[in-house]
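So you can see what is in the structure, the chains are spelled out below.
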Amino acid sequence: MKKLLLCFLVSASIVACKNEETKKVNDTVKDSDTGSWTSLDSKTIKVRQLLEAYVKNDSSVIYAIMADTVKVREQFANNQEDNGTIKIDLGGRTGFAQGENSHHMLFTDISLTTDNMRTFVWDNDGGTITGYWGMWSGTGRFTKNKITVPVHISYVWKDDKITSIYRMFDPGPLRAEIAASQKK
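Reading the values: the criteria
Residues numbered from 1 in each chain as written. Predicted model: local features only at pLDDT ≥ 70, side-chain atom pairs only at ≥ 80, totals over all residues. Heavy atoms only, no water. Pairing = 2+ DSSP bridges. Helix = DSSP H or I, 4+ residues; strand = E, 2+ residues; numbered from the N terminus. Buried < 20%, exposed > 50% of the residue type's maximum accessible area, 1.4 Å probe, protein only. Contact = heavy atoms within 4.5 Å. Polar contact = N/O pair within 3.5 Å; in protein donor to acceptor, adjacent residues only side chain to side chain. Phe/Tyr/Trp six-rings, centres within 6.5 Å; stacked < 30°, edge-to-face > 60°. Lys NZ or Arg CZ within 6 Å of the ring centre and 35° of its normal. Salt bridge = Lys/Arg side-chain N within 4 Å of Asp/Glu carboxyl O. Core = buried A, V, L, I, M, F, W, Y, C linked by side-chain atoms within 4.5 Å.

A. A look at the pairing of strand β7 (residues 146–158). Both strand β6 (residues 128–140) and β7 contribute to a ladder of 12 bridges, which runs antiparallel. Pairing of Tyr-132 across the sheet is with Ile-153, part of β7. In this antiparallel pair of consecutive strands, β6 and β7, the connection spans 5 residues, and Lys-144 shows a positive phi of 70°. Pairing geometry for β7 and strand β8 (residues 161–169), over 8 bridges, is antiparallel. What sits directly across from His-152, in β8, is Met-168. Linking β7 back to β8 in an antiparallel pair, the connection comprises 2 residues, with Asp-159 at a positive phi of about 55°.

Below is the structure:
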């Protein structure tokens, strides 16, 4: 009986794997999120230059490619408004540059991987976002902890300026280093 049941299950699995999906695709609905990915365009190159300058604590690229009123949204725990929307960091481009500089006051040996960036251009409205997925590493000046944190950043473009930034990372190590810097 066991052999018969086993043969039946194996046969059913083989048949299931060979049968094609029979669901109908609705070709009448236009997907508004279609577009193309690229990694060799000017925007991806500018973001790579931005990240390389950040590692050197050089904010000149921030001032070259970001709008004065850039909106920065840090997407991490407890950084939402009551209605669930992500808080926008105030300060625009200057505030962003100061925040990036503060990382160098808290950490040494900062590095970023820069091998995984792509720019997506939407077909329907020409919207453009450059996405970065990588690893941030540094050594705390106060804790002496060596850390590596996965980071995802989306840079939203309007013409040739970055107008919004969405960053996702674990802020725990940053917060720990800030707390250590405040102890006397």
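Read on, since the account is not over.
B. Spatial organisation of the environment of Tyr-132. Positionally, Tyr-132 belongs in strand β6. Since its relative accessible area comes to 0%, Tyr-132 is described here as buried. Each C-alpha atom, one on Tyr-132 and one on Thr-114, is 7.8 Å from the other, the two residues being 18 residues apart in sequence. For Tyr-132, the residues in contact, after removing those within four places along its chain, are Leu-51, Leu-112, Thr-113, Thr-114, Asn-116, Met-117, Val-151, His-152, Ile-153 and Tyr-155. A distance of 2.6 Å separates a polar side-chain atom of Tyr-132 from the backbone oxygen of Thr-113.

C. Geometry of the packing of aromatic side chains. Applying the stated criterion across every chain yields a total of 1 aromatic pair. For the pair Phe-107 and Trp-136, a centre-to-centre distance of 5.0 Å together with 85° between the ring planes defines the contact as edge-to-face. You can see Phe-107 sitting in strand β4 (residues 107–112) and its partner Trp-136 sitting in strand β6, a full 29 residues away along the chain. In this structure Phe-107 comes out as buried when scored by relative accessible area, which is 3%. Over the face of the ring belonging to Trp-157 we find Lys-43, whose NZ or CZ atom lies 5.3 Å from the ring centre.

D. Representation of the pattern of salt bridges in the model. Per the counting criterion, the structure on display carries 3 salt bridges. Notably, a salt bridge pairs Asp-68 with Arg-93, separated by 2.1 Å at the nearest N-O pair. With a gap of 25 residues between them, Asp-68 in strand β2 (residues 66–74) and Arg-93 in helix α4 (residues 92–106) connect regions that are remote in the sequence.

E. Broad picture of the environment of Phe-96. Within the secondary structure, Phe-96 is located in helix α4. Spatially, the C-alpha atoms of Phe-96 and Val-72 are 7.6 Å apart, while their sequence positions differ by 24 residues. Setting aside its immediate chain neighbours within four residues, Phe-96 contacts Ile-62, Met-66, Val-72, Ile-165 and Arg-167.

F. Inspection of the environment of Pro-150 at higher detail. Its place among the elements puts Pro-150 in strand β7. Accessibility expressed as a relative area gives 51% for Pro-150, which makes it exposed. Sequence-wise, Pro-150 and Met-168 are 18 residues apart; in three dimensions their C-alpha atoms are separated by 8.5 Å. For Pro-150, the residues in contact, after removing those within four places along its chain, are Gly-134, Met-135, Met-168, Phe-169 and Asp-170.

G. Quick peek at the side chain of Thr-139. Position of Thr-139 relative to the elements: it lies in strand β6. Given a relative accessible area of 13%, Thr-139 falls into the buried group.

H. Here's a closer look at the nonpolar core. Ranked by size, the top nonpolar core spans 29 residues in total, and within it Met-66, Tyr-132, Trp-136, Tyr-155, Ile-162 and Ile-165 carry the most contacts. Element by element, the count of residues in this core is highest for β7, at 6 residues. For Ile-162, the contacting residues outside a window of four places in its chain are Ile-65, Met-66, Ala-67, Val-70, Tyr-155, Val-156 and Trp-157.

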